[in-house]
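# Observations on the model geometry
Residues per chain are reported as follows:
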Amino acid sequence: MLLSSMSSVDIESLATDFYGLIQSFYHAPLYHIILEILLFFAVMWLLFFRKPRPIEKKLTEKEKQELIDEWQPEPLVPTVDPNHPALNVRILDGPVGKYITIDNEQSLNFASLNFLNFVGNERIQSKSIQAVQKYGVGSCGPRGFYGTIDIHLELEERLARFFGCEEGIIYSYGFSTIASIIPAYSKRNDVIFVDEGVHYAIQKGIEASRSNIKWFKHNDLDDLERLLIEQENLDKKNIKKARATRRFLIVEGLYMNYGDLCPLPRMVELKYKYKYRIFIDESVSFGTIGQTGRGITEYYNIDRQQIDLISSTLEYAAGSIGGFAVGSSFVVDHQRLSAQGYCFSASLPPLLAAAAIEALNIMEENSDLFETLMYKSEQLHNKLIAIKGYIIQGDYLSPLKHIRLPNEFNTTGRLESIVHFAQTKHITITVARYLQDEHVLPQPSIRLILNVDITEEEMDFLCAVLQEALVVTI
Amino acid sequence: MFGSKQMKPSILPAQHRCTVKETEDNCEFEEFEGTPLYAALLTYLSYGVLCIFGWLRDFLRQSYIEKKKGALDPNAKLNFVPLYQSYESFYTRNMYTRVRDIFNRPVGSVASSEFDLVERISDDYNWTYRYTGNTIRAINFGSYNYLGFAEKDGQCAMAAINSIKSNGTALCSTRSELGTQRYHNELETLLAEYLRVESCIAFGMGFATNALNIPAIASKGDLILSDKLNHVSLILGVRMSGAKSQTFAHNDMDDLEQKLHNAIVYGQPGHHRPWRKIFIIVEGIYSMEGSICRLPLLVQLKKKYKAYLYLDEAHSIGSMGKNGRGIVDYYNMDPNDIDILMGTFTKSFGSSGGYIAGKKDLIDHLRIHSHANYYASSMSAPVVYQILSSLHILMGRDGTKDGMRRIQQLADNTRYFRKKLVDMGFIVYGNKNSPIVPMMIYMPARVTRFNREMLARGIAVVTVGFPATKLVEARVRFCISASHTREMLDKALSAIDEVGDTISLRYSKRYEHRRLKDLK
């Protein structure tokens with residue numbers, strides 16, 4: 001078919017009429033035909049299949065200036081309700097221990113999370129004062145740059161020893177502890193299984209980690225297993241990806257928002273079956289649960305080597321400020337370079353570390369404190385459920401309980417009036433406060449905290465006042 | 001009109017850059033001399049050599065020729081997914097551990113101008129330490145103690161001690177429930193007066209002040225323009241807020257104006273709806289560069305484009321300005337022009353915590369919506385009383401001129417120290433009045449050697465390298481304090497002179513290289 005030997009004049013004359021056109025098609029070279037076919041397809045694609053790109057209208061300078069002049073931002077903050085409870089809080093005087101002083105009147109304190117009544121403790125105060133006389137108040141630097149005081153190292157060692165773990169690490173703020181720990185280990189492609197009822201700091205930590213979050217219903221092991229099986233099926237489809245995806249389970253020892261314990265033994269069994277790592281946040285259960293206050297692992301008699309990381313706070317039972325985490329050196333040491341709240345923040349003031357060390361000393365010397373606390377919690381629980389008209393949420397052993405009114409009566413307004421009434425009778429309690437963007441916003445409740453030094457008579461008095469409050473407010 | 005250059009990408013050595021007017025009298029004068037080419041090349045070469053040795057050591061460890069040091073995963077044999085990827089911890093294993101002794105040095109006394117460092121010795125190249133029980137006395141150029149309030153005796157310490165006796169150390173409750181004591185309100189009122197704003201709110205941790213409050217102010221549908229060198233806490237706060245964020249080149253007002261202009265003209269990406277609010281987030285003093293923000297230009301831009309300005313004065317409050325009121329005072333501007341003023345108490349007040357100040361509406365909104373107010377414990381009494389007493393001193397309310405003396409002493413010390421370093425021929429970054437003095441060293445081995453040699457001469461310094469700074473730009477960062485005496489500064493300068501000569505740290509091409517004795 002290659003008729004390149006034909007002269008150009010001959011080819012032209014062939015194309016002049018239709019018959020000539022067909023003829024020229026037969027006589028044209030192969031490469032020419034292929035090119036024409038490709039050109040044909042290109043034209044077809046351009047006409048019918050390509051999405052028309054919108055032509056960006058170019059703005060003139062004048063139009064741009066008009067847009068800038070017209071644009072009005074929203075006000076910096078929305079209008080504020082002056083009657084919001086956060087703007088009208090109670091102002092206290094003096095130490096906030098078993099008794100507190102509000103407007104020169106003393107009342108019994110059932111609202112601060114001061115479980116072991118270390119606030120106002122003479123020994124702790126004298127040790128803090130000694131620390132100020134040696135170190136001043138602030139530590140003046142982050143841990144990496146001369147902010148590590150020898151007292152921090154002592155506290156870390158003592159905490160690790162208390163829990164029987166290899167290493168401990170302390171943070172300068174309770175909220176930032178778990179919120180910095182989670183993103184240090186769990187990254188974008190990892191999976192976190194977390195209980196729906198965890199407190200806000202854990203929720204923020206999870207959000208910061210950008211991992212895949214799988215919420216399971218509060219304390220519902222069947223729901224957790226369902227999620228684990230789903231994940232296992234996903235893994236089977238893509239084994240290579242599964243080998244690079246870390247899994248974590250995050251639970252609390254004693255839930256702040258519910259007052260109940262987590263079913264840890266079964267979770268540890270599942271850990272070895274489905275291969276995830278467990279992080280427990282024992283903010284509330286440290287110093288309150290267990291024979292010697294060592295938390296939920298002691299309560300269930302679980303070997304702490306099986307738990308990858310235990311994090312907690314020094315702000316509740318230990319009566320100081322800050323947070324800590326304990327575990328194996330392999331796990332804990334990573335935080336020293338990767339946890340943002342540790343590396344980029346000033347370290348804990350030495351006087352607060354000294355207060356925490358002394359609190360640990362007291363805890364180790366008086367291990368009957370914890371038995372007393374658990375016994376009294378049970379006592380209080382029995383007394384509270386005897387009052388008709390309240391729903392009590394919380395484990396009988398837990399020193400933290402949530403009290404609600406039944407059904408549709410349970411509004412924040414009514415609970416506030418109960419709190420107000422109790423204050424007039426010299427009992428201080430508080431409505432639990434939450435931000436609106438909690439993952440599962442708990443129902444309004446009064447959060448009741450038991451202090452280990454509260455006597456039985458005082459508990460009876462509390463119950464009497466609560467009973468009276470029902471009559472007065474409903 | 002806004003005449004500074006764009007920053008080049010980080011792989012190239014930095015070019016010389018200087019702010020608007022070159023005269024020394026201008027309070028905005030900052031200089032960042034460019035990285036010398038040979039220094040950049042040698043630095044890359046050093047890291048190359050370190051990497052090669054790192055791979056070699058890893059290979060030896062993998063083939064069991066060398067024993068693996070460091071902790072092992074207790075779950076390793078049980079078929080768990082490894083907790084850390086091997087390449088993530090390459091840097092930690094092979095580079096950081098070799099020089100680990102220059103970081104995290106434990107302190108055994110108050111962190112004032114001179115302190116005791118706890119001596120620790122390693123027998124296995126920094127994998128483990130043992131404490132000998134001795135202390136090393138050193139002059140402190142590492143702690144943030146600008147006004148010298150880190151004291152263990154004196155008015156502030158006494159106030160803290162008395163507050164422990166009357167209020168205990170902790171409150172065990174949040175501000176919104178039962179954690180507000182009278183002294184919290186006192187602190188907030190006094191601080192608002194000091195800063196000359198309407199209202200103020202204080203929190204227990206500076207890092208958390210940013211990370212937990214930016215989400216309460218900005219949200220989805222807002223745009224945040226933040227400086228490239230902003231602190232990690234600001235970046236975290238911006239990320240958690242859900243707003244879109246863009247960075248502009250460090251202190252580059254042209255780039256910022258361009259981005260503001262485009263943001264308003266083109267709106268949100270995709271659907272082009274207008275942004276709800278636009279924020280500009282900058283810091284007063286940048287802690288790694290020593291530079292200060294260009295506040296007059298920022299306020300001008302903010303007013304022109306109707307954006308909101310968030311100023312993080314973590315390092316500049318107390319240390320800049322003739323009354324110690326921060327960058328706003330330094331430039332003689334009106335604090336009401338800045339929408340959100342933020343700062344910390346750790347650096348200049350010798351305590352801990354952070355604050356946000358501004359109009360009453362803003363602060364009330366934060367009281368209702370801040371994460372820290374609802375879920376974090378309130379500040380401890382001694383911490384608050386330390387701030388209260390140091391504020392009283394700074395405002396002259398204690399009846400003495402001690403506050404002004406400290407501020408003046410800091411300014412004098414800063415100028416003296418910087419001038420001497422620059423005259424000797426070292427490359428020093430930052431504003432001439434900033435008490436943070438970064439001096440460039442570039443090479444990792446020199447950084448380590450400098451640190452150890454200075455400690456041997458009794459001066460404790462902070463050296464920083466990758467990843468806190470760019471790979472090539474490792475530096476030593478001196479923090480000047482009002483409690484440093486002239487003798488201490490001279491001792492440090494002669495040590496720097498000596499060590500700088502031994503290790504050849506005089507890189508400057510703009511200034512002559514001179515020995516200290518030739519300067520007098």
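Residues numbered from 1 in each chain as written. Chains lettered and ligands numbered in written order. Predicted model: local features only at pLDDT ≥ 70, side-chain atom pairs only at ≥ 80, totals over all residues. Heavy atoms only, no water.

### Topic: the domain arrangement of chain A
All names here are of chain A.
- Parsing chain A into structural domains produces domain 1 (85-111 + 367-473) and domain 2 (122-365).
- Taking the mean C-alpha position of each, domain 1 and domain 2 sit 27 Å from one another.
- Opposite the 21 residues of domain 1 that make contact, domain 2 presents 25 residues.
- Interface area for domain 1 against domain 2, summed over the two sides, is near 2100 Å², with a carbon-plus-sulfur share of 58%.
- For the pair domain 1 and domain 2, the number of links is 1 salt bridge.
- Viewed at the interface, domain 2 and domain 1 are joined by 8 residue pairs in polar contact (both at pLDDT 80 or more).
- Elements represented by at least two residues in the side of domain 1 that touches domain 2 include exactly α18 (368-385) and β12 (400-404).
- Per-element accounting of the side of domain 1 that touches domain 2 gives the leading share, 4 residues, to α18.
- Grouping the amino acids of the side of domain 1 that touches domain 2 by side-chain chemistry returns 10 nonpolar, 6 polar and 5 charged. (Domains from an automatic or database assignment. Contact = heavy atoms within 4.5 Å. Buried area = accessible area lost by both parts, 1.4 Å probe. Salt bridge = Lys/Arg side-chain N within 4 Å of Asp/Glu carboxyl O. Polar contact = N/O pair within 3.5 Å; in protein donor to acceptor, adjacent residues only side chain to side chain. Helix = DSSP H or I, 4+ residues; strand = E, 2+ residues; numbered from the N terminus. Nonpolar A, V, L, I, M, F, W, Y, C, P; charged D, E, K, R; others polar.)

### Some remarks on the pattern of salt bridges
- Taken as a whole and assessed by the stated rule, the structure comprises 57 salt bridges over all chains.
- The salt bridge involving R475 of chain B is made with E289 of chain B; its shortest N-O contact spans 3.2 Å. Note that R475 of chain B is positioned in strand β16 (residues 474-479) and E289 of chain B in the loop between β8 (278-283) and α8 (295-305), a separation of 186 residues in sequence.
- On the basis of relative accessibility, which here comes to 1%, the residue R475 of chain B falls in the buried class.
- Taken together, the salt bridges that share partners define one network made up of R143, E156, E167, D333 and R336 of chain A. (Buried < 20%, exposed > 50% of the residue type's maximum accessible area, 1.4 Å probe, protein only.)

### A look at the sheet that holds strand β14 (residues 459-460) of chain B
Residue and element names in this part refer to chain B.
- Here we have 3 strands laid out as an open sheet, ordered β3-β4-β14, and mixed in their pairing. In the strand order of this sheet, the two ends are held by β3 (114-121) and β14, each with one partner.
- Sheet topology places strand β4 (residues 130-140) next to β14; 2 bridges connect them, and they run parallel. Residue N140 lies in a different strand from β14, and its bridge partner there is A460. (Pairing = 2+ DSSP bridges.)

### A closer look at the UniProt feature "domain: Aminotransferase class I/classII large" (unreviewed entry) in chain B
- Residues annotated in UniProt with the feature "domain: Aminotransferase class I/classII large" (unreviewed entry) correspond here to residues 139-496 of chain B.
- Across residues 139-496 of chain B, the secondary structure splits into 43% helix and 16% strand, with the terminal C-alpha atoms separated by 13 Å. (UniProt positions renumbered as here; feature names shortened; annotations may be inferred.)

### Observations regarding the sheet that holds strand β8 (residues 277-281) of chain A
Residue and element names in this part refer to chain A.
- The mixed open sheet is built from 7 strands, whose spatial order is β4-β10-β9-β8-β7-β5-β6. Of all strands in the sheet, those with a lone pairing partner are β4 (167-171) and β6 (212-216), marking the two edges. Here the strands of the sheet are splayed against their neighbours by 20° on average, with no regard to which way each runs.
- Along the sheet, helix α9 (residues 200-209) contacts β5 (191-195), β6, β7 (247-252) and β8; its crossing angle with β5, the most-contacted strand, is approximately 165°.
- Sheet strands in contact with helix α10 (residues 221-237) are β5, β6 and β7, and its direction is about 145° off that of β6. (Axes fitted to C-alpha atoms, helices over the stretch in contact; angles between N-to-C directions.)

### As for the interface of chain B and chain A
- Every contact between the two is made by 112 residues of chain B and, on the other side, 110 residues of chain A.
- Both faces considered, chain B and chain A share a buried interface measuring about 9800 Å² in area, 64% of it formed by carbon and sulfur atoms.
- In terms of surface lost to chain A, no three residues of chain B exceed E177, L178 and Y375 of chain B, which account for 8% of the buried area on that side.
- In this structure, the connection of chain B to chain A is made through 4 salt bridges.
- In this assembly, chain B and chain A are joined by 37 residue pairs in polar contact (both at pLDDT 80 or more).
- In terms of residue class, the side of chain B that touches chain A is built from 60 nonpolar, 34 polar and 18 charged.

### Description of the packing of aromatic side chains
- One pass over the structure, following the stated rule, counts 33 aromatic pairs over all chains.
- Taking 6.1 Å as the distance between ring centres and 40° as the angle between the ring planes, the aromatic pair formed by W55 of chain B and F90 of chain B counts as tilted. In this pair, W55 of chain B is assigned in helix α1 (residues 37-62) and F90 of chain B in helix α2 (residues 90-96), connecting sequence segments 35 residues apart.
- Ring geometry for Y330 of chain B versus Y331 of chain B: centroids 5.4 Å apart, planes at 80°, classification edge-to-face.
- Of the residues examined, Y330 of chain B reaches a relative accessible area of 15% and is grouped as buried.
- Members of the aromatic cluster, each reached through a chain of ring pairs, are Y185, F248, F279 and F330 of chain A together with Y84 of chain B.
- Between R294 of chain A and the ring centre of F162 of chain A, over which it is positioned, the NZ or CZ distance is 4.1 Å.
- The ring of Y416 of chain B is capped by R486 of chain B, whose NZ or CZ atom sits 3.7 Å from the centre of that ring. (Phe/Tyr/Trp six-rings, centres within 6.5 Å; stacked < 30°, edge-to-face > 60°. Lys NZ or Arg CZ within 6 Å of the ring centre and 35° of its normal.)

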